[in-house]
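As a plain string of letters, each chain reads:
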Amino acid sequence: MQYKNITRESLLSYLDDYEQRGTETVFVHRRGLRLVRWSYQQLVSAARQTSSELRRYEIGEGDRVILCGHNSPEWAAAFWACLLLGAVVVPLDHESTADFVASVQHQTGAKLIIADSDVQGIKQSDFTVFRLDALSDNVRSHSAETDVSPKPNDATL
């Protein structure tokens, strides 16, 4: 694939490019003894499905969402899903403490935490947590077709 010098006005323009790359591999991730591969199309589909799931949590334009997990295809899908909804991603290190996560949640007014289940900072949280490591199972029933119409200023570069 030949790359052109493209001026981008939004991060979301990358998703269109990803979709065109189809079955090319975008992620290779070790899970225990096996390697998991995700294609660009899988990433786009998972992002769209996840955005549908996040709407069930009433996440929309301008809402803050804490994203705290290990590097993974699911983390990337959750990131793009938030952008599709116009939500503001508040990324935290997966080793963040419970006090730090609570402080950031309070300061940002985050409506939701998306995190891996082994993140210590959310284990004792009484806040709503969407489990990143169960993302694929949780979004499976949603369509991969987008019904999200991002605003032109969403995720502006």
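If you're wondering where the values come from, they're calculated on a predicted model, not measured in any experiment.

1. With respect to the overall build of the chain
And then number 1: Check the secondary structure of the chain and you find six helices and six strands.
And then number 2: For the chain, the succession of helices and strands along the chain, N to C, is α-β-β-α-β-α-β-α-β-α-β-α.
And then number 3: Here the chain, with 157 residues, has 45% of them falling under the buried criterion.
And then number 4: A separation threshold of at least 6 residues defines the contact pool for the chain, and within that pool the share at least 24 residues apart is 64%.
And then number 5: Total accessible area computed for the chain in this model is approximately 9100 Å², and 46% of it derives from carbon and sulfur atoms.

2. Let's talk about the pattern of salt bridges
And then number 1: On inspection of all chains with the given rule, the structure shows five salt bridges.
And then number 2: For Arg-21, the salt bridge goes to Glu-24, with nearest N and O atoms at 2.9 Å.
And then number 3: Between Arg-56 and Glu-53 there is a salt bridge, with its nearest N and O atoms 3.1 Å apart. With Arg-56 and Glu-53 both in helix α2 (residues 40–56) and three residues apart, the pair spans about one turn of that helix.
And then number 4: By relative accessible area, which is 6% here, Glu-53 ends up buried.

3. Some points on the side chain of Ser-96
And then number 1: Of note, Ser-96 is situated in the loop between β4 (88–92) and α4 (98–108).
And then number 2: When its relative accessible area of 7% is taken as the criterion, Ser-96 is described as buried.
And then number 3: Polar contacts involving the side chain of Ser-96 include one to the main-chain carbonyl oxygen of Asp-93, which spans 2.7 Å.

4. As for the nonpolar core
And then number 1: Core analysis: the biggest nonpolar cluster contains 15 residues, and Leu-12, Leu-15, Tyr-18, Trp-38, Leu-43 and Trp-80 have the highest contact counts within it.
And then number 2: Those elements that provide at least two residues to this core are α1 (13–21), β2 (34–39), α2 and α3 (73–85).
And then number 3: Core analysis: the next-biggest nonpolar cluster, separate from the first, contains 14 residues, Val-65, Cys-82, Ala-87 and Phe-130 among them.

5. Remarks on the confidence of the model for the chain
And then number 1: Here the chain averages 82 in pLDDT, and 78% of its residues register 70 or above.
And then number 2: Looking at the elements of the chain, mean pLDDT is at its lowest for helix α6 (residues 135–139), recorded as 64, and at its highest for β4, recorded as 96.

6. What to know about the packing of α2 against α3
Packed helices, taken two at a time, are described by their axes: the angle between them and the distance between them.
And then number 1: Axis separation between α2 and α3 bottoms out at 7 Å; the angle between their running directions is 60°. Here α2 is positioned oblique relative to α3, judged by the angle of their axes. Crossing of α2 against α3: the hand is right-handed. Packed against α2, whose contacting residues are Leu-43, Ala-46, Ala-47, Arg-48, Thr-50, Ser-51, Leu-54 and Arg-55, the element α3 presents Pro-73, Ala-76, Ala-77, Ala-78, Trp-80, Ala-81, Cys-82, Leu-84 and Leu-85 at the interface.
And then number 2: Considered class by class, the residues forming the contact of α2 with α3 number 13 nonpolar, two polar and two charged.

7. Concerning the sheet that holds β4
And then number 1: With respect to topology, four strands assemble into an open sheet ordered β4-β3-β5-β6, the strand pairing being parallel. Lying at the two open borders of the sheet, with one neighbouring strand each, are β4 and β6 (129–131). Here the average twist between neighbouring strands, direction ignored, is 25°.
And then number 2: In the sheet, strand β3 (residues 64–68) pairs with strand β5 (residues 112–115) via four bridges, with the strands oriented parallel. Paired with Ile-66 across the two strands is Ile-113, which belongs to β5.
And then number 3: Packed on one face of the sheet, α3 meets β3, β4 and β5 and runs near 170° to β3.

Procedures and definitions
- Residues numbered from 1 in each chain as written.
- Predicted model: local features only at pLDDT ≥ 70, side-chain atom pairs only at ≥ 80, totals over all residues.
- Heavy atoms only, no water.
- Helix = DSSP H or I, 4+ residues; strand = E, 2+ residues; numbered from the N terminus.
- Buried < 20%, exposed > 50% of the residue type's maximum accessible area, 1.4 Å probe, protein only.
- Contact = heavy atoms within 4.5 Å.
- Areas by Shrake-Rupley, 256 points an atom, 1.4 Å probe, with all protein chains shown as cover.
- Salt bridge = Lys/Arg side-chain N within 4 Å of Asp/Glu carboxyl O.
- Polar contact = N/O pair within 3.5 Å; in protein donor to acceptor, adjacent residues only side chain to side chain.
- Core = buried A, V, L, I, M, F, W, Y, C linked by side-chain atoms within 4.5 Å.
- pLDDT = per-residue confidence, 0-100.
- Axes fitted to C-alpha atoms, helices over the stretch in contact; angles between N-to-C directions.
- Parallel < 35°, antiparallel > 145°, perpendicular 65-115°, else oblique.
- Left-handed = near helix turned anticlockwise from the far one by under 90°.
- Nonpolar A, V, L, I, M, F, W, Y, C, P; charged D, E, K, R; others polar.
- Pairing = 2+ DSSP bridges.

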